[in-house]
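Descriptive analysis of the structure
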Amino acid sequence: MTTAGGIEQSYRLVKPQMEALDGLLEELLTADVPCVDEMLKYAGRYSGKRLRPVLIFLIAEMCGGAGEAHVRLGAVVELIHMATLVHDDVLDRATTRRNHDSVNIRWNNKDAILLGDIMFARAIRLLVSIGNMHALDRLTGAVSIICEGEIQQNQLSGDPGVDFDTYRQIIERKTASLYAAGCELAALLAGADEALVQAFDRFGMSLGTAFQIIDDCLDLTGEEDVVGKSLGTDVRNGKMTLPLIHLLSRLDDQERAEIEALIRGDDCSPDDIARVRELLQVHGSVAHALGLARSYVEQSLATLRGLLPPRDFGVVEELAAFVLEREL
Ligand code: FPP
Ligand code: MG
């Protein structure tokens with residue numbers, strides 16, 4: 001592979017695969033029923049940075065070459081990701097995604113759930129066409145784990161007692177498991193040896209964990225027009241994320257009671273969110289979470305150090321840095 005040079009360079013390195021992915025996704029997001037066709041095309045916008053397919057193609061190139069199976073794998077993972085977002089916005093009562101109304105708002109909850117099901121079914125159908133039983137097993141297993149993480153999160157919503165270890169388990173399940181599966185399969189389908197396949201699996205798990213920690217920080221500190229989706233939803237939905245776990249451990253009794261009441265409650269006002277933001281700032285809770293995200297990124301890189309030639313390692317470093325620095 002050529003020398004690293006920022007995230008744009010990473011995309012350029014796999015331009016042919018990205019173009020093939022675009023074509024495949026366009027084909028998959030169509031339907032004979034006109035209203036479903038419109039919904040699928042609309043949900044196509046949920047594919048934003050395409051970070052997961054880029055990772056898959058880069059890993060494949062490092063392990064022997066990205067072929068047609070990788071284009072399909074990239075599309076499968078991206079479709080699963082998009083389907084989970086369609087469902088997630090229903091669960092989180094979110095109204096905006098990628099700077100537009102979310103599917104549940106543009107249409108309604110019932111049709112959003114069914115649309116997510118269609119996308120998920122199409123992803124599995126495409127996965128079957130790859131013809132690799134391990135890939136089928138790993139990715140269907142990952143979807144099951146994602147849903148387990150979501151249920152675990154829902155059952156704990158409104159509970160301010162959630163600790164770091166429980167939070168870590170939830171985000172590993174709901175987010176990092178898909179990264180890990182995609183990275184492992186990218187290496188496997190390119191013919192990498194077992195040690196490298198396992199290293200990419202662990203790399204995906206740590207990077208995906210860092211990705212979700214950053215996502216949780218952005219929910220509390222980001223600007224909606226930059227991030228492009230509903231923010232402040234975690235406090236509103238009583239979801240204990242890392243900055244909030246850190247914050248509760250730092251507050252005095254009176255302030256803790258105030259924030260715990262917000263987490264337990266059904267809703268919260270813009271003033272409540274502003275108050276949480278103020279306390280997060282005072283107690284350095286977002287900085288703490290960002291520090292932990294950084295250590296997960298370092299952990300992800302440590303799994304590959306020594307296993308990749310320096311130029312390939314540089315490409316991976318650029319991508320990992322992007323995950324840390326992203327604002328959307
Ligand atoms: C984003 O979390 C959501 C996920 C990582 C997974 C959501 C998964 C489901 C709802 C299960 C879907 C199941 C199938 C079969 C399609 P977030 O709310 O923290 O992220 P956000 O800020 O982007 O909303
Ligand atoms: Mg959400």
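Scroll up to find the structure this text is about.
Position numbers for residues start from 1 in each chain and track the written sequence from start to end. In the order they appear in the text, chains get letters beginning with A and ligands get numbers beginning with 1. pLDDT decides what is reported in this predicted model: residues at 70 or higher carry local features, side-chain atom pairs at 80 or more are listed and counted, and totals for whole chains, interfaces and linings draw on all residues regardless. Note: side-chain values were computed over all heavy atoms of the structure, leaving out hydrogens and water.

**What about the packing of aromatic side chains?**
Side-chain rings of Phe, Tyr and Trp (the six-membered ring for Trp) are treated as a pair once their centres are within 6.5 Å; stacked means planes under 30 degrees apart, edge-to-face means over 60, and tilted covers the remaining angles. A full pass over the atoms with the stated rule returns four aromatic pairs. With a centroid separation of 5.1 Å and an interplanar angle of 85 degrees, the aromatic rings of Tyr 42 and Trp 107 are classed as edge-to-face. Note that Tyr 42 is positioned in helix 3 (residues 34-43) and Trp 107 in the loop between helix 6 (103-106) and helix 7 (109-130), a separation of 65 residues in sequence. With relative accessibility at 13%, the residue Tyr 42 sits in the buried group. Here the aromatic rings of Tyr 179 and Phe 211 are separated by 5.5 Å at their centres, their planes lie at 40 degrees, and the arrangement is tilted. Highlighted residues: Tyr 179 in helix 9 (residues 164-189) and Phe 211 in helix 10 (residues 194-221), separated in sequence by 32 residues. The same class applies to Tyr 179 and to Phe 211, which are both buried. For the cation-ring pair, Arg 52 lies above Phe 211, with the distance from its terminal atom to the ring centre recorded as 5.3 Å. Charge over a ring is defined by NZ of Lys or CZ of Arg lying within 6 Å of the ring centre and within 35 degrees of the ring normal. Its end group placed over the ring of Trp 107, Arg 106 keeps NZ or CZ at 4.4 Å from the ring centre. Only DSSP runs of H or I with at least four residues qualify as helices, and only runs of E with at least two residues qualify as strands; both kinds are numbered from the N terminus onward. Partly exposed residues are those whose accessible area sits between 20% and 50% of the maximum for their type, while under 20% is buried and over 50% is exposed, using a 1.4 Å probe and protein chains only.

**Examining the pattern of salt bridges**
A side chain of one charge can pair with a side chain of the opposite charge when the charged atoms of the two come close. Any Lys or Arg side-chain nitrogen found within 4 Å of a carboxyl oxygen on Asp or Glu counts as a salt bridge. Taken as a whole and assessed by the stated rule, the structure comprises 19 salt bridges. Measuring nitrogen to oxygen at the nearest pair gives 2.7 Å for the salt bridge that ties Arg 97 to Asp 89. There is no split in this pair, since Arg 97 and Asp 89 are both buried. Between Glu 278 and Arg 275 there is a salt bridge, and its shortest N-O distance comes to 3.5 Å. Linking Glu 278 with Arg 275, this pair stays in helix 15 (residues 270-283), spanning three residues, or about one helical turn. A residue is classified by how much of its surface remains accessible, and Glu 278, at 44% relative accessible area, is partly exposed. Here the salt bridges do not stand alone but share partners, grouping Glu 255, Glu 258, Arg 275 and Glu 278 into one network.

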